[in-house]
Amino acid sequence: MGSNQTVQGRLNQPGASSHKNRNRILTAVTLVIFVVFLFLADQGIILDSYGVRIIRLCGVYTIAALSMTLINGLTGQFSLGQAGFMAIGAYTTSLLIIPPEVKEQMYYVTPIQGWVRDMQAPFLAAILIGGLLAALIAFLIGFPVLRLRGDYLAIATLGFSEIIRVIITNVGSVTNSSIGIKSIPDTANIWWTTIAAALCITLVYRLMKTSYGRAFKSIRDDEVAAEAMGISLFKHKMLSFVISGFLAGLSGGLLASVVGVINPLYFRFTLAYEILLIVVLGGQGSITGTLVSACLITAGKEWLRFLDSGFSIGPITIPEISGLRMLVFSALLMVVILFYRRGLFGSNEFSWDGLFRLIQRTGARCKRLIRRGEKGGAAK
Amino acid sequence: MNVLIPSMEQFVQGIANALSLGSLYSLVAIGYTMVYGILRLINFAHGEVFMMAMYFVFYVTTLFQAPWYIAFIAGIVGIALLGIVIERAAYKPLRNAPRISVLISAIGVSYLLQNLAVVCFSGIPKQFPSVPLFQDVIIVGGVHIQRMVIIVPIITAILVAALLYLVNHTKMGIAMRAASRDFDTSRLMGINVNRVISITFCIGSLLAAVGAIMWGLKYPKIEPYVGVMPGLKCFIAAVLGGIGSIGGAVIGAFLLGFIEIMLVLFLPGLSGYKDAFAFVLLIIILLVKPTGLLGDKAGVDKA
């Protein structure tokens, strides 16, 4: 089938093969530059530890947003439960990687249970267990919840994520209740998060190329038609929901290791809103859009930190206002949804051809504008 | 889990508290149910309208030294206007967009108002003004209760009766009911649908503001996230009663209020799970009887 497509492609476009080679080279060059950049960043040559932390968070948020893109954008099931799954992943991972004696000291209000104190796993196993546990919970939640549609599904998943949070707050002997967990080992360095994000992107991208992925998209576009074509709605929704839960759990585990301190308040519904902002900005249903937007939002959130600590525009000095930064982001969400509903990528994926077309089109538009400007000037 | 048998006095007090909590819930739940009935939209921002009402009253009393009744009226009017503004700015432009976009817009408004509250009013909790007329403790048959425990259900009953009259016996009410069935046909019948929607938001927000004021008298701590939990719970109450039905919202709200208070009264060990319980209830209803207790099919068909 692959060769058939190539033949057709050649027939349609004479220069297709040279484009393909060019695109491959461009991709390879970009990847090499990126890896070199990561290496230099990791060595502390071009970025300080703060910059490195931002890059690490970009990876984490990419995975979290990917989890929402898969279920919301690609399968069309509007789920807002990401924060709960991330909480499960974060708690599981941190309890597995903190040494027993450190855990024992931390639980000073409610004594820690024996098995929680003694459980240990290497980091890779810990994040995977966190992801799998989140996937298992997603599987259990999926049975009742996936029978709902649209906004009912949204509020039910949001409700489950709150239930998870309330349980975490109340089971003090396991989760240290509202005090939370601190001194989580800083294992997830820049390589961990970036490689994990890359693997997750590949996983979702490959998945969407399989018959399962096509079934997801057909469910998103028209459930009735999909069912008529013999697609089991429940099975595919469940698969998408479970994988989405796994990704969210994984990102939660990495997040715990990057930030070092977690508590139940961290995993409020506002976290789900933040992820929703990433997905909406990137374009619902675009994997590359999710990646770009996750990095933009995460970096932007750090870059706009100055808004919270007071700044001056020329003669005007704006005093310290905490929360201004998040106001900007919530306004951004409103602007995107009201005026630019497609987001950055819509439901398309990034391609070099697309980029070149965009550059050409923008160039042509600029030329036209300039010409019009000249004409206007001449007329006067 | 130990079951605690409360004394008779505690039980009566519990019933009184459940009645007033149910009344508060029903004022907010009506807003959800009316908006859902017309736009098929879960108005996520309703909880934030509730929160804004509390801040509004707080600032009118502290900044202008206004007496409580003026502050209450100003708050209610201001919040009714806020409801209209939200609808015009965030929902009207998306009238022909996919429903999920409108839902995201509603989430966006909710998020925006929360952050706006953090910026404008700061995250430090504020104290809702106290009004002795409502908060004095009186003794009825050996039970100590705040006066508002009796006043709140009365106010709610009056407002619900007025609303039911409006919906069932006035021209505006007929227009509302028509619009909730079918926009296009309503337009053909000469109904200004946009106006009907604005008025629906106005009434919903107005009732939420009354609910918020009563809530503030009972639980005087105001912070930017104060509206979230009551908001979600009242939505659950509306679903429980049958979304789209005003009577259903009131019944659902009272039921939820009773269950919550009784749960804490009889099983105090579970009181930490109080908030989770409402969601469990929601999921059970959606699975067993998605139309709720009084709901008609029209409300759920398109969901």
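Just so you know, these numbers come straight off a predicted model, no measurement behind them.

K.L.:
Explain the overall build of chain B to me, please; I cannot follow it from the model alone.
P.N.:
Helices and strands together make up the secondary structure of chain B, namely 13 helices and 4 strands. Taking 303 residues into account, the globule formula puts the C-alpha radius of gyration at 19 Å, and chain B, at 19 Å, falls close to it. Reported as C-alpha extents along the three principal axes, the dimensions of chain B are approximately 60 × 50 × 35 Å. Buried residues in chain B amount to 49% of all 303 residues.

K.L.:
Which parts of the structure should I look at to understand the overall build of chain A?
P.N.:
Along the backbone of chain A there are 18 helices and 2 strands. Computed over the C-alpha atoms, the radius of gyration of chain A is 23 Å, within 12% of the 21 Å expected from 2.2 N^0.38 for a compact globule of 380 residues. When burial is assessed residue by residue, chain A has 41% of its 380 residues classed as buried. For chain A, long-range pairs separated by at least 24 residues make up 80% of all intrachain contacts whose partners lie at least 6 apart in sequence.

K.L.:
Honestly, the interface of chain B and chain A in this entry has me stumped. Any pointers?
P.N.:
Each partner contributes to the interface: chain B provides 32 residues, whereas chain A provides 33 residues. If you list the elements that add at least two residues to the side of chain B that touches chain A, you get helix 4 (99–121) and helix 12 (274–288) of chain B. At 15 residues, helix 4 of chain B tops the list of elements feeding residues into the side of chain B that touches chain A.

K.L.:
Would you mind going over unusual backbone geometry with me for this structure?
P.N.:
Excluding glycine, most residues fall at negative phi; most peptide bonds, likewise, are trans. Its identity as a non-glycine residue notwithstanding, A:Ser177 has a phi of 35°, on the positive side. Inspection of the secondary structure assignment puts A:Ser177 in the loop between helix 9 (172–175) and helix 10 (190–209). Here A:Ser177 falls in the partly exposed class, since 18 other C-beta atoms lie within 10 Å of it. The backbone of B:Ser122 sits at a positive phi, close to 65°, despite the residue not being glycine. Within the element layout of this structure, B:Ser122 appears in the loop between helix 4 and strand 1 (126–127). The partly exposed category is assigned to B:Ser122, around which 14 C-beta atoms lie within 10 Å.

K.L.:
It is not clear to me how the environment of A:Ile129 should be interpreted in this structure. Could you clarify?
P.N.:
All names here are of chain A. Among the structural elements, Ile129 can be located in helix 7 (residues 123–145). A sequence separation of 221 residues divides Ile129 from Phe350, and the C-alpha atoms of the two residues are 32 Å apart. With near-sequence residues (within four places) excluded, Ile129 lies in contact with Thr92, Leu96 and Ala121.

K.L.:
How should I be thinking about the domain arrangement of chain A in this particular structure?
P.N.:
Interface size is commonly expressed as the accessible surface area that is lost when the partners come together. Taken as a whole, chain A is organised into domain 1 (55–310 + 321–349) and domain 2 (355–380). The distance between the C-alpha centroids of domain 1 of chain A and domain 2 of chain A comes to 43 Å.

K.L.:
Looking at this model, I keep getting lost on the pairing of strand 3 (residues 143–146) of chain B. Mind explaining?
P.N.:
Looking along a regular strand, one sees side chains alternate from face to face of the sheet. Residues and elements named next belong to chain B. With 4 bridges joining them, strand 2 (residues 137–140) and strand 3 adopt antiparallel strand pairing. Bridge assignment links Ile138 to a residue of strand 3, and that residue is Ile145. Hairpin geometry of strand 2 and strand 3 is characterised by an intervening segment of 2 residues between the two adjacent antiparallel strands and by a positive phi of about 55° at Gly141.

K.L.:
What is the right way to look at the packing of helix 10 (residues 228–241) of chain B against helix 11 (residues 246–266) of chain B in this model?
P.N.:
Each pair of packed helices can be described by the angle between their axes along with the distance between the axes. All names here are of chain B. Helix 11 packs onto helix 10 with a crossing angle of 120° between their chain directions and a minimal axis gap of 7 Å. When the interaxial angle is binned, helix 10 and helix 11 end up oblique. The two elements helix 10 and helix 11 meet at a crossing, and its hand is right-handed. Residue-level inspection shows Lys233, Cys234, Ile236, Ala237, Ala238, Leu240 and Gly241 of helix 10 in contact with helix 11, the latter providing Gly248, Ala249, Val250, Ile251, Gly252, Ala253, Leu255 and Leu256.

K.L.:
Would you explain the confidence of the model for chain A in this entry?
P.N.:
Do not read the predicted coordinates in detail wherever pLDDT is low. Chain-level statistics for chain A give a pLDDT mean of 86 and a share of 93% at 70 or above. No element of chain A has a lower mean pLDDT than helix 1 (residues 2–12) of chain A, at 44, and none a higher one than helix 13 (residues 233–259) of chain A, at 95.

K.L.:
Could you clarify how one ought to interpret the nonpolar core in this entry?
P.N.:
For soluble globular proteins, nonpolar side chains are generally found buried alongside one another. Core analysis: the largest hydrophobic core is formed by 194 residues, its most contacted members being B:Ala53 and B:Ile79. No other element matches helix 9 (residues 193–218) of chain B, which puts 15 residues into this core.

K.L.:
Hey, could you run me through the confidence of the model for chain B in this one?
P.N.:
Residue and element names in this part refer to chain B. Model confidence for chain B is summarised by a mean pLDDT of 87, while 96% of its residues fall at 70 or above. In the model of chain B, helix 13 (residues 298–301) stands out as the element of lowest mean pLDDT, 43, in contrast to helix 3 (residues 68–91), which has the highest, 93. Note on residues 298–303: pLDDT under 50 across the span, and 14 contacts to partners over four residues away in sequence or across chains.

K.L.:
Help me understand helix 4 (residues 82–97) of chain A, please; the structure alone is not making it clear to me.
P.N.:
Helical geometry: 3.6 residues make up each α-helical turn, so side chains three or four residues apart lie on a common side. Taking 1.5 Å per residue, 16 residues should reach 22 Å; helix 4 of chain A reaches 22 Å between its end C-alpha atoms and fits that length. Counted residue by residue, helix 4 of chain A has 15 buried out of 16 residues, so it is predominantly covered.

K.L.:
Any chance you could explain the environment of A:Ala87 here in plain terms?
P.N.:
All names here are of chain A. With respect to the helices and strands, Ala87 occurs in helix 4. With 29 C-beta atoms counted inside 10 Å, the residue Ala87 sits in the buried group. Taking C-alpha positions, Ala87 is 7.2 Å from Gly249, a pair spaced 162 residues apart along the chain. Here Ala87 is in contact with Ile164, Arg165, Ile168, Gly252 and Phe267, once residues within four sequence places are set aside.

K.L.:
Would you take a moment to explain helix 10 of chain A for this structure?
P.N.:
All names here are of chain A. Between its first and last C-alpha, helix 10 extends 29 Å over 20 residues, near the 28 Å set by a 1.5 Å rise per residue. Three or more residues of helix 10 are buried, namely Ile190, Thr193, Thr194, Ala196, Ala197, Cys200 and Val204. Looking straight down helix 10, one finds that the buried residues subtend no more than 165° of arc, so they occupy a single side. Facing away from the buried side of helix 10 by more than 90 degrees, the exposed set consists of Ile195, Leu199, Thr202, Arg206 and Lys209.

K.L.:
Explanation requested: the environment of B:Lys221 in the structure shown.
P.N.:
Considering the arrangement of structural elements, one finds B:Lys221 in strand 4 (residues 221–222). Placed 94 residues apart in sequence, B:Lys221 and B:Gln127 show a C-alpha to C-alpha distance of 5.2 Å.

K.L.:
Explain the packing of helix 3 (residues 49–74) of chain A against helix 15 (residues 287–303) of chain A to me, please; I cannot follow it from the model alone.
P.N.:
Residue and element names in this part refer to chain A. Interhelical geometry of helix 3 versus helix 15 gives an angle of 135° and a closest axis separation of 8 Å. Considering their axes alone, helix 3 and helix 15 lie oblique with respect to each other. For the crossing formed where helix 3 meets helix 15, the hand is right-handed. Only Ile287, Thr290, Leu291, Ala294, Cys295, Thr298, Ala299 and Glu302 of helix 15 make contact with helix 3, whose side of the interface consists of Ile54, Leu57, Cys58, Tyr61, Thr62, Ala65, Leu66 and Thr69. Of the residues that constitute the contact of helix 3 with helix 15, the class distribution is 11 nonpolar, 4 polar and 1 charged.

Here is what the cut-offs are and how they apply
Residues numbered from 1 in each chain as written. Chains lettered and ligands numbered in written order. Predicted model: local features only at pLDDT ≥ 70, side-chain atom pairs only at ≥ 80, totals over all residues. Helix = DSSP H or I, 4+ residues; strand = E, 2+ residues; numbered from the N terminus. Rg over C-alpha atoms; globule rule 2.2 N^0.38 Å. Buried ≥ 20, exposed ≤ 12 C-beta atoms within 10 Å, placed from the backbone. Contact = placed C-beta atoms within 7 Å. Domains from an automatic or database assignment. Pairing = 2+ DSSP bridges. Axes fitted to C-alpha atoms, helices over the stretch in contact; angles between N-to-C directions. Parallel < 35°, antiparallel > 145°, perpendicular 65-115°, else oblique. Left-handed = near helix turned anticlockwise from the far one by under 90°. pLDDT = per-residue confidence, 0-100. Core = buried A, V, L, I, M, F, W, Y, C linked by C-beta atoms within 7 Å. Expected span 1.5 Å × (residues − 1). Arc of directions from axis to C-beta. Nonpolar A, V, L, I, M, F, W, Y, C, P; charged D, E, K, R; others polar.

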